[in-house]
Amino acid sequence: MLDVTNIRKDFPILKREVNGKALVYFDNAATSQTPQQVINVIVDYYQNYNANIHRGVHVLSQEATDKYEQARNTIQKHFNAAKAHEIIFTSGTTHSINIVANGFASLINKGDEILVSAMEHHSNIVPWQMLCERTGAILKVIPMNLEGELILEAYEALLSHKTKLVFCNHVSNALGTINPIKKIIAKAHEVGAAVLVDGAQAAPHIKADLQALDADFYTISAHKVCGPTGVGMLYGKEAWLNKLPPYQGGGEMISEVTFKKTSYADLPHKFEAGTPNICGVIAFAAALDYMNAIGFSEIAAYENDLLVYATQKLLEIDDLKIYGVAEKKTAVISFNINGLHPYDIGSILDKLGVAVRTGHHCAQPIMDFFKIPGTVRASFSFYNTKNEIDVMVDGVKLAAKMLV
C-alpha cells in the first residue's frame, strides 16, 4: 500500500482551502497536480541554466541541451521505445495528433478509410475529419455498447484493405474504460493499417510498453502525469516518422537552407521546429521519475481501491446512474442523478471545496450515445483518499436534496 499521508505532503496545492473548505481535488483526468520535486526542477532551470539548446557553445546552452536530451532518454526508457529519436516533443496530445494527421494528408487517397472509436476525445476526432475533407478519405466509427466498451466484432468487420489508419484511445477520458489496445493494434496490422493510440488518459495509470504494444504512434501530455502544461510527447516508429513530412518549418528542423532548396534535419529534430518548451521537457521527465519512484503497479492498485470504494458509496444514492461500467477501467466515475443537471451538482460540490468536472468532457459523441447533456466526472489519483470520497458523496447527497 502507498504511504499516502507522506505522498500528499509532496503536493503544496493540497494544503489550500476553497470556499473555506479543505480542497478535495477530483479533476485529475483534466490535469493532475504537481509535486514539489517537479516544481523544484522548474525553478532550478530558470535560476541556474536557462538557455536555448543545441548548437550553443557556451556552458549554459550545453547544460540545458544535456538536460533536455537526458529527458528524452528518460521518457524513451519509461515507455520502452526502441530509439530515443522516436520520441518527439510537442505541446501536448492535441499537437501530437495534428502532426500525424497533417503528415498523412500526403499519404491518404480518395476512398481510403480511417477508423476512429466511438469514445474518442474531440482531439482524436476533429483532425481526422479535417483530413478526410482534404483527401476524400472516409471516416468510419467503431461502435461501443451501453457498458462503455468497444464492440470488437464490429471493429473487425470494419477492417478491410481500404483501411489505412485506426485511431483509438488507450483509456477513455469520459468513462475510464481501458480499451484492449494491443488486440486493436494487431487486428489493424493484419490489413496493413497504421494505428495511433491516444495515451493521454492511460499514462497516469498504466506504464505502456510501446514495443510490446507494437503501436505505430502514441501520444501523451505531461500535465496528466504530474508534469507541467504545454508539453507532451509524440512517439512514432522510426519508419513512419521518416515517411511523414515536417509539420512546421523554421529553425532547428533544418539541415541546410538556401533560397533554392532546404533540406531537413534527421529525427527527432525534423518535427521540433523553433525553440521548444525546454524547461517543460526537463520537468516532464522529472515527473515520470517521481511516479516511477512510487511505482505504477502500486499506483494502479491503490487507485482501483479508490474506484471500488467510490462506486459503492455513490450507488447508495437514489436515482444515481454511473456511465461507463466496463470490466476494465481506471479511477474515473461519470455519473448523473435523474432529473438534475450535472452543472448544478458540480457547482454545489465546488462550494464544499470539491473539484469535479461537469459537461461533455470534450467527448460529445459519447454523451449523444447515452442521450444526456453531460455528466459529473470524478477522477481520482494516488494522492487522493477515501475520506475525500466521503466528503464528495456527502456533497452529492446534499445537492440531491437541494435541487429536488
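Residues numbered from 1 in each chain as written. Predicted model: local features only at pLDDT ≥ 70, side-chain atom pairs only at ≥ 80, totals over all residues. Heavy atoms only, no water.

Break down the pattern of salt bridges for me, with residues and values.
Per the stated rule, a full pass over the model turns up 11 salt bridges. The partner of Asp305 in a salt bridge is Lys386, with the nearest N and O atoms 3.2 Å apart. Here Asp305 is found in helix H11 (residues 296–314), whereas its partner Lys386 is found in helix H14 (residues 386–403), with 81 residues between them in sequence. According to the relative accessible area criterion, Asp305 is partly exposed, its value standing at 31%. (Salt bridge = Lys/Arg side-chain N within 4 Å of Asp/Glu carboxyl O. Helix = DSSP H or I, 4+ residues; strand = E, 2+ residues; numbered from the N terminus. Buried < 20%, exposed > 50% of the residue type's maximum accessible area, 1.4 Å probe, protein only.)

Lay out helix H7 (residues 181–190) in plain terms, naming residues and giving numbers.
Within H7, burial applies to Ile181, Ile184, Ile185 and Ala188. One side of H7 carries all its buried residues, which in axial view fall inside an arc of 95 degrees. Away from the buried face of H7 by more than 90 degrees, exposed residues Lys182 and Glu190 are located. Buried residues along H7 sit against helix H6 (152–158), strand E7 (163–169), strand E8 (194–198) and helix H8 (210–213). Count one or two residues on from H7 and you reach Gly192, which has phi positive near 85 degrees. (Arc of directions from axis to C-beta. Contact = heavy atoms within 4.5 Å.)

Which residues make up the sheet that holds strand E14 (residues 332–337), and what are the values?
Whether parallel or antiparallel, the strands of a sheet pair through hydrogen bonds between backbone atoms. Spatially, the 4 strands line up as an open sheet ordered E13-E14-E17-E16, and their pairing is antiparallel. Each end of this open sheet is capped by a strand with a single partner; those strands are strand E13 (320–323) and strand E16 (357–359). Taken pair by pair, the neighbouring strands of this sheet meet at an average axis angle of 30 degrees, ignoring direction. (Pairing = 2+ DSSP bridges. Axes fitted to C-alpha atoms, helices over the stretch in contact; angles between N-to-C directions.)

A description of the layout of surface pockets should follow, citing residues and the corresponding values.
Looking at the largest pocket, its volume works out to about 360 Å³. In terms of lining, the largest pocket is formed by 23 residues, of which the most central are Ala29, His121, Asn173, Gln201 and Lys224. With 3 residues, helix H4 (residues 93–104) is the largest single contributor of residues to the lining of the largest pocket. Of the residues in the lining of the largest pocket, the class split is 5 nonpolar, 14 polar and 4 charged. Approximately 260 Å³ is the volume found for the second largest pocket. Taken together, 14 residues line the second largest pocket, and the ones lying closest to its centre are Ile178, Asn179, Pro180, Ile181 and Lys328. A class-by-class count of the residues in the lining of the second largest pocket yields 8 nonpolar, 3 polar and 3 charged. (1 Å grid on protein atoms, 1.4 Å probe; cavity = no way out; pocket = protein on both sides within 12 Å on 5 of 7 lines; lining within 4 Å. Points joined across faces, edges and corners; volume = space filled by probe spheres on them. Nonpolar A, V, L, I, M, F, W, Y, C, P; charged D, E, K, R; others polar.)

How would you summarise helix H5 (residues 126–135) if you had to cite specific residues and measurements?
Three or more residues of H5 are buried, namely Pro127, Trp128, Leu131, Cys132 and Thr135. Each buried residue of H5 sits inside an arc of 140 degrees when the element is viewed along its axis, so together they form one side. Packed against the buried residues of H5 are H4, strand E5 (113–117), strand E6 (138–142), E7 and E8. Gly136 sits one or two residues past H5 and shows a positive phi near 85 degrees.

Go over the packing of aromatic side chains with me, naming the residues and quoting the values.
In this description, an aromatic ring pair is defined by two values, namely the gap between the centres and the angle between the planes. Under the counting rule described, the total for this entry stands at 16 aromatic pairs. Residues Phe11 and Tyr290 carry aromatic rings whose centres are separated by 5.9 Å and whose planes lie at 80 degrees to one another, so their mutual orientation is edge-to-face. On the criterion of sequence distance, the pair formed by Phe11 in the loop between helix H1 (4–9) and strand E1 (17–18) and Tyr290 in helix H10 (residues 278–294) is long-range, its members being 279 residues apart. A relative accessible area of 9% means that Tyr290 is categorised as buried. Geometrically, the ring pair formed by Phe217 and Trp240 is tilted, given 6.2 Å between the ring centres and 50 degrees between the ring planes. Separated by 23 residues along the polypeptide, Phe217 in strand E9 (residues 217–221) and Trp240 in helix H9 (residues 238–243) bring together distant segments of the chain. (Phe/Tyr/Trp six-rings, centres within 6.5 Å; stacked < 30°, edge-to-face > 60°.)

Talk me through empty space enclosed by the protein; I want residue IDs and the actual numbers.
Evaluation of the coordinates by the stated rule reveals 1 cavity of 30 Å³ or more. Taken as a whole, the largest cavity holds about 110 Å³ of empty space. Considering the residues around the largest cavity, the lining is formed by 17 residues, among which Asn28, Pro204, His205, Lys224 and Phe380 are closest to the centre. For the lining of the largest cavity, the residue count by class is 9 nonpolar, 6 polar and 2 charged.

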